Amino acid sequence: ALRLEQISFLVAPYEADSQIAFLCKKGVLDVALTEDSDLVIGHAVENVLCKVECSNDQECRGILIQRQSLGATPQSLRSFRDFSTLMLTI
């Protein structure tokens, strides 16, 4: 369907979160489209569009999460990642 509409896309070999975060941080993407909000916290992506649902008339709605509106700072996100890593190694 994307090829028919001439929309560029990439296929991630495994979990796509890291690849999407990399593309956002490099400025290739303005917003990440995903099913959950892991990209905001775990990867510090600035703009995430999640929980997108489309109706029969092709109108789509979703939730836009902007990291800056959460009051997140690089320090708070780094602390969260350190905490998550610690929890996984115990």
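Residues numbered from 1 in each chain as written. Predicted model: local features only at pLDDT ≥ 70, side-chain atom pairs only at ≥ 80, totals over all residues. Heavy atoms only, no water.

## Some points on the pairing of strand β3 (residues 60-66)
Let me state the cut-off plainly: Pairing between strands is defined by DSSP: at least two bridges between them are needed. Here a helix means four or more residues in a row that DSSP labels H or I, a strand means two or more in a row labelled E, and each is numbered from the N terminus.
Strand direction decides the pairing type here: strand β2 (residues 47-54) and β3, joined by six bridges, are antiparallel. Each bridged residue has a counterpart across the sheet, and for Leu49 the counterpart in β3 is Leu64.

## Notes on the side chain of Asp17
Under the convention used in this document: Partly exposed describes any residue whose relative accessible area lies between the buried limit of under 20% and the exposed limit of over 50%, with all areas from a 1.4 Å probe on protein chains only and scaled to the type maximum. Neither His nor the chain ends contribute to the count of charged residues, in which Lys and Arg are positive and Asp and Glu negative. By definition here, a salt bridge exists when the distance from a side-chain nitrogen of Lys or Arg to a carboxyl oxygen of Asp or Glu is within 4 Å. Should any heavy atoms of two residues lie within 4.5 Å, those residues are counted as being in contact.
With respect to the helices and strands, Asp17 occurs in helix α1 (residues 17-25). Within the buried set, Asp17 has no salt-bridge partner at all; the shortest N-O distance to an opposite charge, 12 Å, is to Lys51. When sequence neighbours within four positions are dropped, the list of residues in contact with Asp17 reads Asp38, Leu39 and His43.

## Describing the sheet that holds strand β1 (residues 32-34)
Rules: Axis definition: a line fitted to C-alpha atoms, over the contacting stretch in the case of helices. Angles run 0 to 180 degrees between N-to-C directions.
Across the sheet, three strands lie side by side as β1-β2-β3; this open sheet has mixed pairing. A single partner strand is all that each edge strand has here, and the edge strands are β1 and β3. Strand after strand, the sheet turns through a mean of 30° between neighbouring axes, direction not considered. Here three bridges tie β1 to β2, and the two strands are oriented parallel to one another. Pairing of Thr34 across the sheet is with Cys50, part of β2.

## Points about the environment of Thr34
If you trace the backbone, Thr34 turns up in strand β1. In this structure, the C-alpha to C-alpha distance between Thr34 and Val48, residues 14 residues apart in sequence, is 7.2 Å. When residues no more than four places from it in sequence are discounted, the contact partners of Thr34 are Leu39, Val48, Leu49, Cys50 and Lys51.

## Side note on the state of the cysteines
Simply put, disulfide is the name for a covalent bond between the sulfur atoms of two cysteines. Note the threshold: Disulfide assignment relies on a single distance test, namely cysteine sulfur atoms paired within 2.5 Å.
Taken as a whole and assessed by the stated rule, the structure comprises one disulfide. Between the sulfur atoms of Cys54 and its disulfide mate Cys60 the distance is 1.9 Å. Judged by the sign of its S-S torsion, about 100°, the cystine formed by Cys54 and Cys60 is right-handed. Looking at Cys54, the relative accessible area reads 48%, which means it is partly exposed.

What is shown is where atoms sit, not what they do.
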